[in-house]
Amino acid sequence: MENLRFSSEQIVWQEVPNETSLAFLITGCPLGCKGCHSVESWKACEGKELTLDYLNERLKRYQGLISCVLFMGGEWQAETLLSLLKRCKQQKLQTCLYTGLERHEIPPCLLTELTYLKTGRWIAEQGGLNSLTTNQRFIDLRNNENLNHLFIKGATL
């Protein structure tokens, strides 16, 4: 099983609503969306290896401080991503995948290990999750609720 690689690792608060997330920007994205703000994620051989041991070290370091692990990409190596998602779930953490694919294109084995899923290619004219015209969707997979409204400034529940 080949390891995923990542170009950045951050603690983030906005990408997954109501969660403090450890986020990995996975490299090797095959989509190459026009206007992508993460072109550094396109080259598969770039970045640091995201091994299970490395993930375990990070989960231990942030134990009690994070509530979610966010993978920005990686679905193109489903078997490898699946093992990382399972480890996060074993640690009682929520999991999230940001992908440019649509939900029906995601391997079902990954969907069962995810709490949240952001789908949809970047289309500049339609905007991102904070746009009323976006093609992207942020779904809570526990109840299939679309949470896009949480990204729109001034939106009310």
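Residues numbered from 1 in each chain as written. Predicted model: local features only at pLDDT ≥ 70, side-chain atom pairs only at ≥ 80, totals over all residues. Heavy atoms only, no water.

Chemist: What should I look at first to understand the pattern of salt bridges in this one?
Modeler: If the charged atoms of two oppositely charged side chains come close together, the side chains can form a pair. Within the structure shown, the criterion is met by 4 salt bridges. The residue glutamate 49 makes a salt bridge to arginine 5 at a minimum N-O spacing of 3.5 Å. With glutamate 49 in strand β3 (residues 48-50) and arginine 5 in strand β1 (residues 4-12), this residue pair connects regions lying 44 residues apart in the sequence. Classification of glutamate 49 by relative accessible area gives partly exposed; the value is 36%. Within the structure, one salt-bridge network assembled from shared partners comprises Glu9, Glu57 and Arg58. (Salt bridge = Lys/Arg side-chain N within 4 Å of Asp/Glu carboxyl O. Helix = DSSP H or I, 4+ residues; strand = E, 2+ residues; numbered from the N terminus. Buried < 20%, exposed > 50% of the residue type's maximum accessible area, 1.4 Å probe, protein only.)

Chemist: So what exactly am I meant to see when it comes to the sheet that holds strand β2 (residues 21-26) here?
Modeler: What holds strands together in a sheet is hydrogen bonding between their backbones, with the strands either parallel or antiparallel. Pairing is mixed across the open sheet formed by 8 strands, whose spatial order is β3-β1-β2-β4-β5-β6-β7-β8. Of all strands in the sheet, those bounded by a partner on one side alone are β3 and β8 (145-146). As defined by bridge partners, strand β5 (residues 94-98) adjoins strand β6 (residues 116-119) across 3 bridges and the pair is classed as parallel. Looking at β6, one finds that cysteine 96 is bridged to tyrosine 116. Contacting β1, β3, β4 (68-72) and β5, helix α2 (residues 78-90) runs over the sheet at an angle of about 165° to β4. (Pairing = 2+ DSSP bridges. Contact = heavy atoms within 4.5 Å. Axes fitted to C-alpha atoms, helices over the stretch in contact; angles between N-to-C directions.)

Chemist: Just to check I follow, could you spell out the side chain of serine 21 for this structure?
Modeler: Along the chain, the position of serine 21 falls in strand β2. Relative accessible area serves as the criterion here: at 1%, serine 21 is assigned to the buried category.

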